[in-house]
Structures are given as C-alpha cells and as structure tokens.
Amino acid sequence: MIPEQGVLTSSAIWSQLKELAKGEGSQHLVDLFAGNKDRFNQFSLNDCQILADYSKQRMSSAACELLVNLAEERQLSLWRDALFAGDFVNCTEQRSAKHWLLRDPLAAEVKGQLDAMEGMVSRILGGHWRGVLGDAITDVVNVGVGGSELGPLMAAFALQSVQLNEGQVRPRLHFASSMDGSQISQALQDLNPRTTLVLVSSKSFTTVDTLHNANTARSWLARGLGLAYTDEAMMRCHFIGISAEAERMAEWGIVPVNQLLFWDWVGGRYSLWSAIGLPIALTVGMEGFRELLAGAHDMDTHFRVSSLKENIPVMLALVDVWNINFLDIRTRAVLPYDGRLKHLPAYLEQLEMESNGKSVSRAGESLTYHTCPVIWGEVGPNAQHAFFQLLHQGSQSVASEFLMTARRYNEAVHSCSAQELEAQHALANANCLAQSRLLALGDKALEQDLSLPAYKRYHGNQPSTTLVLDELSPRTLGALLVMYEHKVFVQAVIWGINPFDQWGVEMGKVIATDMLVGLADPDSAEVLDASSLALARHVARKQKSRE
Ligand code: F6P
C-alpha cells in the first residue's frame with residue numbers, strides 16, 4: 001500500500017532541523033571532531049564489503065537523530081515495503097519499480113531472460129557465435145543511450161580485469177550513443193564487418209539517437225558484407241536487440257531468437273541488472289554477472305532489513321538531505337580514487353539527477369525546498385590537477401564523495417609488476433585520505449603557520465563522505481550501485497517526489513523534431529523565437545556556402 005504523506009515543510013521536525021542548522025551551520029569540522037572522540041564510530045557503517053564514513057560531514061549527533069526521526073515521520077519503512085511489494089510507487093505512470101527483482105536469485109519471472117542471455121554469452125565468449133561469413137565475433141558494438149549505455153559502459157570498464165573461464169575470449173567492446181554520428185563512425189572505422197556484432201539496446205526502441213546509430217551500423221554491415229540492408233542471415237548473425245518492446249524490435253529487423261526482453265517495471269537508469277547488462281556479462285562472463293547480481297542482492301537485503309540508523313543507503317540519503325535542505329550545499333562531487341571507476345560520475349549523474357531532479361510533489365504541488373544536488377565528478381587524482389582548487393579555496397561549499405579500494409593488485413597486470421602497481425595503489429589511497437582530511441580540517445590539518453598570506457590558507461570545513469570497498473569485484477560493485485539506487489529512493493521519499501519518471505526529458509524530444517524542419521528551411525518554420533531563428537539561418541547560410 002502506498003503510504004500517505006503530509007507536506008514536508010509543515011513537519012515540526014523539519015522546523016527543528018532548520019533551527020539546529022542555524023547554529024550548527026557555522027560549526028567547523030575541526031570542532032566536531034575535537035568534541036567527540038567517538039565520532040568515526042558513530043558516523044560510519046560497514047556492510048556488504050563497503051565502509052561508509054560520513055564523519056567528515058558537518059553533522060552533529062543531534063542533527064543525525066532528528067534526520068532519522070524525519071525519515072520515520074515520512075514513513076520510510078512503509079515506503080520501503082511498498083517498493084519491495086511491487087506497489088505502484090511510480091505514480092505518474094501507474095507502475096511498480098521492481099528492478100530489485102532482477103537481482104533476486106529466487107525470482108522465477110526473470111529466469112528465462114537470464115538464461116537466454118547466458119546462452120548468447122557462452123556462444124560469443126566461446127567463439128561459437130559466427131558472423132554470416134563464418135568468422136568468430138571479435139568486436140561488439142553497444143548502440144544505446146542513457147540507461148541503455150551508462151550502466152553497462154561504467155560496469156564493463158570497471159570490471160575488465162576480471163578473469164574469464166578457460167577457453168573464453170572477451171570480445172572488444174565499443175559504445176556508441178551520441179546522435180551526431182561521431183561515436184558510431186569512430187567505432188566502426190577500424191572494425192571488420194565479418195567479425196562485428198551489434199547490440200541495439202533501447203527499452204522503448206523508439207529513441208532516435210539509438211535508432212539512427214543502429215541504422216548507420218546496419219548500412220555499414222550490409223555494405224561491408226555485400227548483402228542487402230534487409231538480409232535475414234545478416235540480421236541473425238550480426239544483431240541482437242535488447243528492449244521491453246518485442247514488436248518494435250521485430251519491426252526494425254531483429255530476429256526473434258536474438259531478442260532479449262525486459263519489463264516495463266524496469267526504469268532505464270535501473271536496467272543494467274537486466275539484459276541491458278549484456279556488455280557487462282561479455283566482460284566478466286555469466287558467472288561474473290551473477291556475482292554482480294548477488295552483490296546487488298546483498299545490498300537489497302541490507303536495505304530491507306537494517307534499522308534506519310544502521311542502514312547505509314538511508315544514512316547517506318539523510319546526509320544529502322542535511323546538506324541540501326539545511327546547510328544549503330547543493331552540489332556533490334563524486335571522486336573515485338580508482339581509475340576503474342572512471343565512468344561512475346556519469347552513471348550517477350543520470351541515476352540521481354534524472355530520478356530526483358524534480359520540483360513537483362507526488363501530489364502535483366510545486367515544492368518550496370530543494371531536491372537533487374548537482375552531481376559531477378572525475379577520477380579523483382586527475383581532478384586534483386583540475387578543479388580541486390575550487391574545492392579547497394573556492395567561494396562555495398561543495399560536498400565531496402571519495403571512493404577508494406582497500407585491496408588491489410595481487411598480481412602483475414599486463415607487463416607491469418605487482419610491486420610497482422601496489423606502490424601506485426598506495427599512492428592513490430594516500431592522496432584520497434589526504435585530500436578529504438585537508439578539505440575537512442583546512443590548514444589546521446598540518447598546523448600550518450597561521451601568519452601565511454590569505455591566498456596560501458585553506459579554510460577547510462568542506463564536508464565529504466568516504467566509501468571504501470574491500471576490493472573492486474563484481475560483487476562489491478553490485479552492492480555499491482544498489483546502495484546508490486536505494487539512497488536515491490530514500491531521498492525521494494523524504495522529499496515526497498516520484499524518482500521513477502522523467503517527464504522533464506520528453507518535451508526536448510518533441511521540440512527537436514519540429515526544429516529539424518526549422519533547420520532545413522528556417523523561414524518556413526512555425527514561429528521561432530528570434531535567437532533560434534537567427535541561429536538556424538546562420539547554420540543554413542554556412543551550409544550553403546559549402547555547396
Ligand atoms: O531520455 C531519457 C531516457 O528516456 C532515459 O530515461 C533512458 O535511459 C534513455 O532515454 C534511453 O531510453 P531507451 O532505453 O528507451 O532508448
């Protein structure tokens with residue numbers, strides 16, 4: 001049952017938090033640590049091989065207590081039950097959000113598609129999936145965008161050093177999403193059509209970006225193989241479709257045996273656990289993919305059974321709520337100190353901002369408080385040489401999220417020795433800890449000479465959370481990603497918004513179709529504003545001058 005919720009700002013706890021923040025907002029992290037010797041233990045949690053330390057957040061025990069009370073008042077436990085009961089938590093589309101079911105080892109509903117996926121993975125990795133002219137597949141191109149790319153790209157990149165079973169060979173993976181054709185043309189330029197397999201990944205199978213890239217790939221294959229665009233054998237040997245829309249896949253030409261299906265109740269940004277995760281399975285093998293699902297299920301269980309105070313997604317969500325709504329810190333930098341997590345910031349940008357970038361409540365009322373922070377980030381050590389200046393000495397508060405791995409490199413990688421790489425791992429971890437310490441404590445961390453000129457001073461008090469994975473494996477990555485998914489859900493419950501729709505991106509698609517007409521012939525276009533009309537004319541003039 002969907003629980004009823006009152007207006008957030010009418011809550012007495014909300015007002016108490018506002019009051020508390022007035023005093024606490026000015027408190028420095030140096031004092032918070034000095035005043036509580038047990039701070040790390042009180043403000044950290046450890047489960048599913050993830051240690052979450054939020055003791056460097058500007059939050060006192062009193063604030064923490066009140067935030068948990070707020071979550072209780074918002075009936076978080078009942079909302080959690082509703083999510084896992086398959087109730088229609090996505091109210092604007094009258095749908096459940098059952099992505100968690102994809103990770104449930106006992107779920108009969110999803111078994112058929114996992115098995116179908118397994119069959120394809122074993123044929124491709126075993127060299128038995130053949131191109132139309134009989135060659136084994138060496139390259140796989142994933143054509144998809146948003147949730148049909150970001151999760152698979154991020155996880156496949158993160159896990160590419162996982163060992164496959166004997167006799168299995170990992171194909172080279174390529175991703176093409178941008179609608180302008182630059183990525184697909186780049187990806188295809190060095191590939192051999194005889195040994196290339198294309199995955200067309202699209203939940204709706206109507207996304208123009210994906211369909212245009214897929215058409216380009218299809219023409220390239222037909223030309224390269226000397227076959228007709230509609231050749232049935234080519235379609236059977238070189239295309240797999242992954243979608244919730246079997247009919248549309250078939251209409252486009254995906255043969256029935258090459259169709260992997262998922263369900264309406266899996267949102268695009270929650271879909272990497274479904275057949276959309278095929279590129280991940282091609283990277284880590286099906287055993288590895290099942291490990292990813294198992295780690296994800298570990299975190300589902302943690303979220304379901306832990307008390308709110310012991311619950312990692314809940315506490316991290318409350319930290320964000322505190323920063324955004326009470327300390328007015330509305331941006332968060334995601335900083336992995338493990339290069340394998342390079343694509344995590346982009347993945348989280350979609351997961352969090354497409355889910356919670358909302359300003360209308362479930363009841364359809366405009367909100368008077370802020371919701372999702374602006375998420376951005378970069379591999380931490382590289383960001384140190386780019387935007388950390390702003391974090392250390394800029395004019396605004398930014399919350400940071402550091403990620404590191406405790407264990408890495410027990411053997412040589414490629415031609416680099418384990419010893420050298422271990423030293424690099426230690427260096428990265430030392431930098432991770434040093435940066436979060438400096439951000440928190442400022443130059444007091446080093447007891448610097450306080451008479452230094454202002455431009456050399458570090459004021460500190462920049463809040464951060466540090467997430468330490470025991471190691472990066474399919475299992476821990478699965479748990480980490482689900483931690484973020486549930487964190488987003490908890491925040492949505494507190495804010496009273498629907499995290500499972502994305503109406504804010506729909507209008508852009510419609511208006512672009514109209515603009516195509518405007519671009520082809522600016523003066524025939526239906527009333528364009530002055531700027532758009534002038535830009536369209538400028539582009540048309542420049543194109544003519546090329547002819
Ligand atoms: O444009 C937003 C969006 O709808 C995302 O939510 C989704 O992940 C992406 O487009 C791709 O959609 P599809 O998988 O249907 O092609």
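Because the structure is a prediction, the values reported are computed rather than measured.

S.K.: Outline the site of the ligand, supporting the account with residue identities and numerical values.
M.R.: In the vicinity of the ligand there are 14 residues, among which G147, S148, S202, S204 and T207 approach most closely. One of the side-chain N or O atoms of S204 is found 2.6 Å from an oxygen atom in the ligand. Within the side chain of Q350, one N or O atom sits 3.2 Å away from an oxygen atom of the ligand. Considering the ligand on its own, with 390 Å² of exposed area, one finds that the protein chains cover 86% of that surface. For the shell around the ligand, the residue count by class is two nonpolar, nine polar and three charged.

S.K.: I'd like a description of the packing of aromatic side chains, backed by residues and values.
M.R.: Tallied over the entire structure, the rule returns 14 aromatic pairs. A ring pair is formed by F84 and W100, whose centres lie 5.2 Å apart and whose planes are at 55°; its orientation type is tilted. Separated by 16 residues along the polypeptide, F84 in helix α5 (residues 76-85) and W100 in the loop between α5 and α6 (108-125) bring together distant segments of the chain. W100 gets classed as buried once you look at its relative accessible area, which sits at 8%. Pairwise contacts between aromatic rings join W14, W322, F326 and Y369 into one cluster. Positioned above the aromatic ring of Y229 is the side chain of R218, whose terminal nitrogen or guanidinium carbon lies 4.2 Å from the ring centre. Above the face of the W252 ring, R218 is positioned so that its terminal group lies 4.8 Å from the ring centre.

S.K.: Residues and numbers for the sheet that holds strand β5 (residues 196-201), please.
M.R.: The five strands are arranged β4-β3-β5-β6-β7 in an open sheet whose pairing can be described as parallel. Either end of the sheet is taken by a strand with one partner, and the two such strands are β4 (172-176) and β7 (259-261). When the angles between neighbouring strand axes are averaged without regard to direction, this sheet yields 20°. Across four bridges, β5 lies against strand β6 (residues 239-243) in parallel orientation. Bridged to S201 within β6 is I242. Here α6 sits on the sheet and contacts β5, β6 and β7; the angle it forms with β7, its principal contact strand, is near 140°.

S.K.: Quick rundown of the nonpolar core? Include the residues and the values.
M.R.: Counting 115 residues, the largest nonpolar core has M117, I240, L344, L477 and L480 as its most contacted members. It is helix α18 (residues 474-495) that contributes the most residues to this core, 14 residues altogether. Leaving out residues up to four positions away in the same chain, L477 has contacts with M154, A155, A158, L159, L292, L341 and L472. Listed in part, the 23 residues of the second largest apolar core include L191, F205, L221 and I254.

S.K.: Before we move on, could you go through α18 and cite the residues and values that matter?
M.R.: An α-helical turn contains 3.6 residues, so any two residues separated by three or four positions project in the same direction. Given a rise of 1.5 Å per residue, 22 residues ought to cover 32 Å, and the 32 Å separating the end C-alpha atoms of α18 matches this to within 8%. Across the 22 residues that make up α18, a large majority, 21, are buried. Following α18 by one or two positions, G496 has its phi on the positive side, about 70°.

S.K.: Outline unusual backbone geometry, listing residues and values.
M.R.: One non-glycine residue with positive phi stands out, namely F205, at about 55°. Along the polypeptide, F205 turns up in the loop between β5 and α9 (208-225). Its relative accessible area of 3% is what places F205 among the buried residues. The phi dihedral of N461 is positive, around 65°, even though this residue is not glycine. Its place among the elements puts N461 in the loop between α17 (418-441) and β11 (464-471).

Rules behind the numbers
- Residues numbered from 1 in each chain as written.
- Predicted model: local features only at pLDDT ≥ 70, side-chain atom pairs only at ≥ 80, totals over all residues.
- Heavy atoms only, no water.
- Near = heavy atom within 4 Å.
- Polar contact = N/O pair within 3.5 Å; in protein donor to acceptor, adjacent residues only side chain to side chain.
- Areas by Shrake-Rupley, 256 points an atom, 1.4 Å probe, with all protein chains shown as cover.
- Nonpolar A, V, L, I, M, F, W, Y, C, P; charged D, E, K, R; others polar.
- Phe/Tyr/Trp six-rings, centres within 6.5 Å; stacked < 30°, edge-to-face > 60°.
- Helix = DSSP H or I, 4+ residues; strand = E, 2+ residues; numbered from the N terminus.
- Buried < 20%, exposed > 50% of the residue type's maximum accessible area, 1.4 Å probe, protein only.
- Lys NZ or Arg CZ within 6 Å of the ring centre and 35° of its normal.
- Pairing = 2+ DSSP bridges.
- Axes fitted to C-alpha atoms, helices over the stretch in contact; angles between N-to-C directions.
- Contact = heavy atoms within 4.5 Å.
- Core = buried A, V, L, I, M, F, W, Y, C linked by side-chain atoms within 4.5 Å.
- Expected span 1.5 Å × (residues − 1).

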